[in-house]
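Residue strings, one per chain:
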Amino acid sequence: MKRKSAEENQLMMNGNGHGHIGNGNGHIGNGDNANGDIANSHCKEEPVKITLKRHLGLRNGIGIIVGIIIGSGIFVSPKGVLHEAGSVGAALCVWAACGFVTLIGALSYAELGASIQKSGGVYSYTKEAFGDLPAFLVLWINSVIRFPTGNTVISLTFSYYIMQAVFQSCQPPDVPVRILSAAAILVISFLNCVSVKYASRLQDLLTGMKIIALAVIILTGIVQLCLGYGANFKDGFEGTTRAPGQMALAFYSGLFSFSGWESFNYVTEEIKRPERNLPLALWISIPLVTGIYVMANVAYFTVLTPEAILGSHAVAVTFADRLFGVMAWVMPVLVAFSCLGSLNGCVLCGSRMFFIGAREEHFPDMIALVNIKCYTPVPAVMFTAAMSLIILTTSDVYSLITYFEYIEAFMLALPVMGLLYLRWKRPDMPRPVKVNLLVPVMYLVVAAFLLIFPWFVSPLEAAVGVCMVLSGVPVYFIGVCWKKPKAFQTFLRKQTILIQKVLYCVKVDKFEDQLQ
């Protein structure tokens, strides 16, 4: 019989859950093996554990947060806030208030991220506070609906605006738009498989491009104001809605454009000095984005009437058409690359949640693998891409957005409730950052407002969202709690070993084991 190589033995060993590379002892050798080659059976050097590497600093964190938040929302959908708020003044107040709500949420997540230094964000914090079932439901709805749908919508928006530069006089055909969307998802996913550094550098570049686009809009608005174009601000609060349900929907529209503010918390284990850089990145990014959003909306109102904004499918493009003449085509391209930056950030962060979920045995082991050369969770990234491509094949992707907006409000509030619970249950827990209790309480009051009033305005969407979350309960008991037959376990183990061989991956230790 042919003798198995050291590599094959290692892959077989890691199929049973061990997270080291090399011989029977499962480690990487130093010395002659410092270049990352697999150690032989005689290696006695100090073992090195395979983990996610801390590549991300403060600048990367700001780039990720700002890059994910500023997607297509501020360029395309300010009309949603205006439509529900009813007036220019109320719309601007809603934008500022959404920034404040996001900031107090970010302050709470800064404490959670500095105290619970695990990747996975919402999932990890929910598991730490409330246990397995609530955490699995968060993981379930993010893997089935939230991240795949968000990635698909962002990629479709990217494709639409790229195609608009070609099909200027008509709507771009649906098939080429979807093909380009699929290509964008695959290219971004490949980059995230190859290197976290390259993905973060691309994120910094694309974030810079979208800041430039918004700076052009804001500076143009300042010039327009200096020239006296401020008629839309006179009697600015005339027509403001007095219905709490409509105001809640205005907040939903505004907060949708702030989606992704918690993204840096998903990659905590890859952050240098997370107890410092994670809170700082949140505290810098949220006020920056809020200021940009408010000033961009002011700029829109210096050029476009409320009626023109309500009748526009893409406010930034209509704005450019009015002012930039033959150079108006630049704005759709900048919007497209803004979307690409959001897609890159969502793939980077979403894949980490699924990776951590698998590491905690809520997903199959084959997703909790790290490539031993790139130190990236390649199977988790590929899983994220596959789910996004499946959603891309559906006929009406955008209809799913109305369902997960309600879900997102609940999921983001759940860890904040966990913060209060942990303050009571584990008062001695190390907390490098500790916020005043008034901060999470204020956030939960706003979250309650956003969760209650939609039941009176759009009960169907709220009910469907709840049903989507609860659909994970039977999946949890069958997939996690139920002890599988030996034949099925053997099948899964063989598939895991196959993926390890093909993708050159191993399963890493649990976070607690890495700290030992």
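The structure presented is a predicted model; accordingly, all values stated were derived computationally and were not measured.

Rules behind the numbers
- Residues numbered from 1 in each chain as written.
- Predicted model: local features only at pLDDT ≥ 70, side-chain atom pairs only at ≥ 80, totals over all residues.
- Heavy atoms only, no water.
- Helix = DSSP H or I, 4+ residues; strand = E, 2+ residues; numbered from the N terminus.
- Contact = heavy atoms within 4.5 Å.
- Phe/Tyr/Trp six-rings, centres within 6.5 Å; stacked < 30°, edge-to-face > 60°.
- Buried < 20%, exposed > 50% of the residue type's maximum accessible area, 1.4 Å probe, protein only.
- Lys NZ or Arg CZ within 6 Å of the ring centre and 35° of its normal.
- Core = buried A, V, L, I, M, F, W, Y, C linked by side-chain atoms within 4.5 Å.
- Expected span 1.5 Å × (residues − 1).

Undergrad: Got a minute to help me understand the environment of F363 in this structure?
TA: If you trace the backbone, F363 turns up in the loop between α14 (330–359) and β1 (369–371). When the C-alpha atoms of F363 and G479 are compared, they prove to be 8.2 Å apart, with 116 residues separating the residues in sequence. F363 has contacts with F136, L139, S143, F354, G357, A358 and F383, leaving out every residue within four places of it along the chain.

Undergrad: Where do I start with the packing of aromatic side chains in this structure?
TA: Evaluation of the coordinates by the stated rule reveals 18 aromatic pairs. Taking 5.8 Å as the distance between ring centres and 35° as the angle between the ring planes, the aromatic pair formed by F130 and Y421 counts as tilted. Within this pair, whereas F130 is found in helix α6 (residues 122–130), its partner Y421 is found in helix α16 (residues 401–425), the two being separated by 291 residues in sequence. Residue F130 is classed as partly exposed on the basis of its relative accessible area of 32%. Look at F147 and Y266: their rings are 5.8 Å apart centre to centre, the planes differ by 80°, and that puts the pair in the edge-to-face class. With F147 in helix α7 (residues 132–164) and Y266 in the loop between α10 (244–256) and α11 (274–303), this pair connects stretches of sequence that are 119 residues apart. Neither residue differs from the other here; F147 and Y266 are each classed as buried. Three or more aromatic residues joined by ring pairs form one cluster here, namely F147, Y266, F354, F363 and F383. Positioned over the ring face of F147 is R146, at 5.4 Å from the centre of the ring.

Undergrad: I tried to follow the nonpolar core on my own but got confused; where do I start?
TA: Side chains of nonpolar character tend, in soluble globular proteins, to be buried together. Counting residues in each nonpolar core, the largest one holds 136 residues, and the members touching the most others are I70, F75, I217, F264 and Y293. It is α14 that contributes the most residues to this core, 16 residues altogether. Residues L156, M163, V177 and L392 belong to the second largest nonpolar core, which totals five residues.

Undergrad: What is the right way to look at helix α2 (residues 58–69) in this model?
TA: Here α2 contains twelve residues, and its C-alpha end-to-end distance of 17 Å stays within 8% of the 16 Å for a straight helix at 1.5 Å per residue. Counting buried positions along α2 yields nine of twelve residues, so the element is predominantly enclosed. For α2, the complete set of buried residues consists of N60, G61, G63, I64, I65, V66, G67, I68 and I69. Packing partners of the buried residues in α2 comprise α9 (196–226), α11 and α14.

As far as function goes, none of this settles anything; it's purely spatial.
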